[in-house]
Every structure is written in C-alpha cells, then in structure tokens.
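Structural description and commentary
One letter stands for each residue in the lines below.
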Amino acid sequence: MCDNKDEAVEKVRMWKKSISNFKFPFDDYDRSLNHYKGVQMVTGVTPLLLLKRICSFLVTPLLILIFLLRPKLYSNIDQKKAIFTCPNPNFTFVADDLPLCLIEKYESVHVCVDELRLPIQKMRIDFIGMKIIVKCFYKKPFSYWTLYILIHLSRIYNLISKYNPSIIITTQTETDFSSSLVTYYCEKHNVKYVCVQHGENYYYPGMAFVRFSEYFAWNQETLSILKALNVKIDFATIYEPKRLKKQYTKKKEPKYFITYYLEDESIHKLFQINRTLESFSKQGYLCNVRYHPRVKYQIDLKQVFTDEYINIENPFLVSLGDSISNTEYVVSYKSTVLSEAIANSMNAVIDDVNGCMEYLEEVCYINIKKTSLRLSNLLSKYSIVSLYN
C-alpha cells in the first residue's frame, strides 16, 4: 500500500520503461540476471551493494568448500515422484489446492517443509551445478547474485539426491531470481521445476523474465501481466484453484459490519486504516481487523486498533471461510481475500480511502474490474465523515 501516492505511481511507470529497455535474454543466465535487476528496482540498489561487499568475502571460501566436499549420496533414496517445497509450515495449505492435472498424473505429492534450508557445512553440489556456478562467477564474480544461485542450487541438489523426483513443485518463486537457473539445473536432471500461483499477481519487476518448466496461473489476466514483464509464458497453464470457487455463504446476520484484511502495511498506514475504521465504529458499527498470518508487523496491532468496537481477528484461530462469512463487507487494498470474496458472491470492497487507485490501475490489479465497491462509497452511503479526512 502506497504512502506517497504520486511517487508510487511514478515508480511503476519508471519500472515499465526500464523493463521494456532491458536487453531480451539469450539464455537462462541472462534471464536470471535481468530478473536480479528487476528485484533491484524494487528493493533499491543500496541494500544489494551492502550484500555485495559481504559476498566478496563469502563467495570464494564457500566455492572452495563446496568444490572440495564430495556430493552427498543417500544410501537409501526415498523415492517420491512429486515433491512440493514448502518454505515454512504456514504454506502447507497450498499443497491441498494444487492443479488437479498434477494430482492425477503423480497420484500423490510429498510435502517438504523447511528442507530447502541447509546449513553451510551440509551444502553440496554436483558437476552440472558446478558448471553453472563457474559460468555465473565468470559473468558476475563476488556478487550476491552468484552466491544466491550457489545456495539455491545446493538446496535443490539435496532434494534431487534425496527423493529422485520427476517434478518439484513450488509456490511464490516467481519473485526468486534464481528460479530460471534452478529450472535449467532441474531440467538437466530430467526433473520439472514447476511454480503454482499463490496470490493475485500484478505488475511487479520482481517477477521479470522468470522461467519455469511449467507455471500454473489463475487467469488470463495474470498471463498478460507476466507477458508485459517479459516472462516466458509458453510454459504457462490456466487452472482454477479451490479457493476461487464458491464455497461459502454469508450469514443472515453477520457479526461484523466491516472486516479489514491487512497486508504488509507500514505503521503510518496502519494508523490511517484505524482512523477510517473508527469513522464507522464511532457510529456504532462493529468492525473487525484480520492480520496477515505470514506478516510480522513493526508494531503491536493492539497499540493501533484501540477502539472497543474494533476487534483484532487471529487468522490462526478463525478460518478465512468463517471470517468472510461473518461480515457484511470484506475490505482490503489488494489482498487476495478480495478475490475469494468475489468468488463467493460477497461484498468485496477496495480501500480507495487509504490506498491509491491510480497505482492499482498502473499495476493492472485485476479486482478493479471485478468489483465496483469502494470504501469511500460506504462512507458516503452511511453518511459518515472519515476521521482521516
């Protein structure tokens, strides 16, 4: 969510101009490097310069360590045709919503939790990986890019050695600039490296130029966005996840008037949202705030949402289905929850009071066209003057 609206819109326009001027990639090395530059647009150059200095000391000893250590061989390979790499236990639910064609083809998918995290002393790499790293080192020596690729190839090598899979399924790796080279590495081992869309995508340079063996997208709009980012989309397939199918019905008498679904807002933005919700709560409307289960906020939300008519909902205790079924209006800026509310014929409301609509238009946010409800509409409809204004 943008704090400076004009600056945020101008930044997106700059992103688009820069991406269009990138040299079109010749191979997966170029794709990964362009992707890395796209990430730099979002994070800024300064953090990566600091990482580069650190990496200048780490790359050489780590290369020597991995090259000297023999690749780890598992005496008893735990054969799994398909594995799903889960970055942490909070993502295991994605495994229950994989494309049906993958489930039917591979019968069962083994979920690997935290197995991508390896201590340095356990890192190994094979000859194919070594060749890739040598070429990376030649293209960009002593860089964060090279070190990052090295670490990820070592992690993937560990999975391939342990499970001997036919396919490795991932999620949210569109923004990982190692993905193109990891895909290349897996394909050299006759393993497919596949990504499944996890949330609504929008124009974001952190996904630019990426390639997978196969990508499962939710809709044609996502493919259009990826194409604009010069992503190789001839490997993409559209599928409908369970979460975007009608599953819930709103209660006849919902407990809450508004439930606001937070993303990764700044402290300043959280207080803005609170003021807007107080505009409703002061009129006697019961409001609810549901925080994102995988976001660590910079402040205790109880210090922000202090009104007795504003409840803070724990996503680990209340399911999303129960949450959206128990509120009159589902409100957020660009959370995927809006898509789920729309799929279930509920009142999905985009926050145009605290968020910039022009920014959403610039990044091609799909729900602008799917719901006409705006938070400013509710303020007007119920004759409420926002405390934020």
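See the structure printed just above.
Residues numbered from 1 in each chain as written. Predicted model: local features only at pLDDT ≥ 70, side-chain atom pairs only at ≥ 80, totals over all residues. Heavy atoms only, no water.

Some points on the overall build of the chain
When you go through the chain residue by residue, the secondary structure sums to 13 helices and eleven strands. Looking at the 389 residues of the chain, the share that counts as buried comes to 52%. Restricting the contact set of the chain to residue pairs at least 6 apart, pairs at least 24 apart contribute 74%. Accessible surface for the chain amounts to roughly 18700 Å². Of this, 52% is attributable to carbon and sulfur atoms. (Helix = DSSP H or I, 4+ residues; strand = E, 2+ residues; numbered from the N terminus. Buried < 20%, exposed > 50% of the residue type's maximum accessible area, 1.4 Å probe, protein only. Contact = heavy atoms within 4.5 Å. Areas by Shrake-Rupley, 256 points an atom, 1.4 Å probe, with all protein chains shown as cover.)

Topic: the packing of aromatic side chains
If you walk through the whole model with that rule in mind, you get 18 aromatic pairs. Taking 6.0 Å as the distance between ring centres and 70° as the angle between the ring planes, the aromatic pair formed by Tyr 144 and Phe 177 counts as edge-to-face. Pair noted here: Tyr 144 is in helix H6 (residues 144-163) and Phe 177 is in the loop between strand S3 (167-171) and helix H7 (179-188), with a separation of 33 residues, a long-range link. Following the ring pairs from residue to residue traces out a cluster consisting of Phe 257, Phe 280, Tyr 285, Tyr 329 and Tyr 382. The cationic tip of Lys 37 hangs over the ring face of Phe 22; the distance from NZ or CZ to the ring centre is 6.0 Å. (Phe/Tyr/Trp six-rings, centres within 6.5 Å; stacked < 30°, edge-to-face > 60°. Lys NZ or Arg CZ within 6 Å of the ring centre and 35° of its normal.)

A few points about the packing of H6 against H7
Look at H6 against H7: their axes get within 10 Å of each other, and the N-to-C directions meet at 35°. The way H6 lies across H7 gives a crossing that is right-handed. Residue-level contacts link Trp 145, Ile 149, His 152, Leu 153, Ile 156, Tyr 157 and Ile 160 of H6 to Leu 181, Val 182, Tyr 185 and Cys 186 of H7. (Axes fitted to C-alpha atoms, helices over the stretch in contact; angles between N-to-C directions. Left-handed = near helix turned anticlockwise from the far one by under 90°.)

What to know about the sheet that holds strand S8 (residues 287-290)
Judged by pairing direction, the sheet is parallel, and its five strands sit side by side in the order S9-S8-S7-S10-S11 without closing on themselves. Two strands lie at the open edges of the sheet, namely strand S9 (310-313) and strand S11 (348-350), each paired on one side alone. Across this sheet, the average inter-strand angle for adjacent strands is 25°, counted without regard to direction. The strands that helix H9 (residues 267-281) touches are strand S7 (256-261), S8 and S9; relative to S7, the one it contacts most, it runs at about 175°. (Pairing = 2+ DSSP bridges.)

These results come straight from atomic positions and should not be treated as a statement about function.
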